[in-house]
Amino acid sequence: MTDHSHLHIHHHRLSAPMCSVIERMHRAGGAPLHTLTPTQARAAYEAGAGVLEVPKAMLARVEDLHIPARDGHALPARLYAPTTDTGLPLLLYLHGGGFTIGSIATHDVLCRELARLSGCMVVSLEYRLAPEHRFPTAVHDSWDALQWLAAQAPQLGADPARLAVGGDSAGGTLAAVCAILARDAGLPLALQLLFYPGCTAHQDTPSHTTYARGLVLEEPAISWFFGHYATTRAQREDWRFAPLLAPDVDGVAPAWIGLAECDPLVDEGIDYADKLRLAGVPVDLEIYRGVTHEFIKMGRAIAQARTAHADAAAALRQAFSLKEAS
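Everything numeric here is computed off the predicted structure, so don't read it as measured data.

A. Up close: the packing of aromatic side chains. Using the criterion set out here, one finds ten aromatic pairs in the structure. Ring centres 6.1 Å apart and planes at 50° place the aromatic pair Phe 99 and Phe 226 in the tilted group. In this pair, Phe 99 is assigned in the loop between β3 (88–94) and α4 (108–118) and Phe 226 in helix α8 (residues 219–229), connecting sequence segments 127 residues apart. For the pair Phe 99 and Phe 226, one class covers both residues: buried. Relative to Phe 295, the ring of Tyr 288 lies with its centre 5.5 Å away and its plane at 45°, an arrangement referred to as tilted. Within the aromatic cluster, the residues linked to one another by ring pairs are Phe 99, Phe 135, Phe 226, Tyr 229 and Phe 241.

Shown next as structure tokens:
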């Protein structure tokens, strides 16, 4: 996934554990994702997804369910709850993977950890992926799921008055878009929880140049992902692909945004935080130093991942008026 010859450029910025992870990834010698077919890339990502994760939390409730999309497709989802109590607040979680890879399985440990640390219910959605399902299918699936969860919350044991949406990378993009759609539909959300979201149309911020090579997410992979998903300039410049181009974000849900310092996406995350703040939206922005894209799934090796899990959970507890999780 990484070009080792460029790693030395970033050594002074990266933490020692992060350098070690990248060096180990290089030594493992896996083919870069952008050289694989989407099916091969999904399998490779899933095979490596749990290698650096924190231990899998055992929870009181873990249930698989299906959520109907607007075209009748049944979207797989997994519900995580730290207790069997009813009336829990609910977070819809949308996984990363460039709209092309990723699944409930690849983000299982992370969603368990968010539920465990926050005390809220988490529902992880398996939205449909490109290139089989191009833009805007992932947006439609995510928004359909959020509306369904709002309507079905009591039946699931959740509190319909305390809902949030979150995700990482492409899932962060989808979460930001859902927050805007929720505002437009009059569906109140307590929080949008965004880990290094994609926000820009053409990947032309300075950080895309600075961190184009040598780290976990490289430019060829970004082009490969988005080339499968958004195939025209008009799609790239649709705000549902690039939330920075949303006409206005007044009145959207408060945001917690967690970014990696050494990430092609860091500048657009900061830009989106600024856009929200300028619209009067409360924003809590955290930039985790010395780490790369995907770091939140490396909690066994990267201390900042565990810090980010705790910070995100604290933001959820505050947004939902929950006490400290036991």
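Picking up after the structure, the text goes on.
B. Here's a closer look at α8. Along α8, eight of the eleven residues are buried, which leaves the element largely enclosed by surrounding structure. Taken residue by residue, α8 has Pro 220, Ala 221, Ile 222, Trp 224, Phe 225, Phe 226, His 228 and Tyr 229 as its buried positions. Here the buried face of α8 lies against α3 (38–48), α5 (137–156), α6 (170–185), α7 (206–210) and α9 (233–236).

C. Representation of the environment of Val 266 in the model. By the secondary structure assignment, Val 266 is in helix α10 (residues 266–278). Given a relative accessible area of 6%, Val 266 falls into the buried group. The spatial distance from the C-alpha of Val 266 to the C-alpha of Ser 207 is 6.5 Å, given a sequence separation of 59 residues. If we ignore the near neighbours within four places in the chain, the residues touching Val 266 are Ser 207, Leu 259, Ala 260 and Glu 261.

D. Spotlight on α6. For α6, with 16 residues, the first-to-last C-alpha span of 22 Å sits near the 22 Å given by 1.5 Å per residue. In terms of residue burial, α6 counts as a mostly covered element, since 13 of its 16 residues are buried. With its phi angle positive at about 75°, Gly 186 sits one or two positions after the end of α6.

E. Representation of the sheet that holds strand β8 (residues 283–292) within the structure. The eight strands are arranged β1-β2-β4-β3-β5-β6-β7-β8 in an open sheet whose pairing can be described as mixed. Each edge of the open sheet is held by one strand with a lone partner, namely β1 (61–68) and β8. Averaged over neighbouring strand pairs, the angle between their axes works out to 20° when direction is ignored.

F. Fine view of the packing of α4 against helix α11 (residues 303–320). As a packed pair, α4 and α11 sit with axes 8 Å apart at the nearest point and diverge in direction by 50°. Classed by the angle they form, the pair α4 and α11 counts as oblique. Read as a crossing pair, α4 and α11 show a hand that is right-handed. On α11, the residues touching Leu 110, Glu 113, Leu 114, Leu 117 and Ser 118 of α4 are His 309, Ala 310, Ala 312, Ala 313, Leu 316 and Arg 317.

G. The arrangement of the pattern of salt bridges in detail. Applying the stated criterion to the full structure yields 17 salt bridges. With a shortest N-O distance of 2.7 Å, Arg 42 and Glu 132 are connected by a salt bridge. Here the residue Arg 42 occupies a position in helix α3, and Glu 132 occupies one in the loop between β4 (121–125) and α5, the gap between them amounting to 90 residues. Its relative accessible area of 47% is what places Glu 132 among the partly exposed residues. One network of salt bridges, with partners in common, ties together Asp 64, Arg 78, Asp 108 and Arg 112.

About the thresholds
Residues numbered from 1 in each chain as written. Predicted model: local features only at pLDDT ≥ 70, side-chain atom pairs only at ≥ 80, totals over all residues. Heavy atoms only, no water. Phe/Tyr/Trp six-rings, centres within 6.5 Å; stacked < 30°, edge-to-face > 60°. Helix = DSSP H or I, 4+ residues; strand = E, 2+ residues; numbered from the N terminus. Buried < 20%, exposed > 50% of the residue type's maximum accessible area, 1.4 Å probe, protein only. Contact = heavy atoms within 4.5 Å. Expected span 1.5 Å × (residues − 1). Pairing = 2+ DSSP bridges. Axes fitted to C-alpha atoms, helices over the stretch in contact; angles between N-to-C directions. Parallel < 35°, antiparallel > 145°, perpendicular 65-115°, else oblique. Left-handed = near helix turned anticlockwise from the far one by under 90°. Salt bridge = Lys/Arg side-chain N within 4 Å of Asp/Glu carboxyl O.

Treat this as a map of the structure, not an account of what it does.
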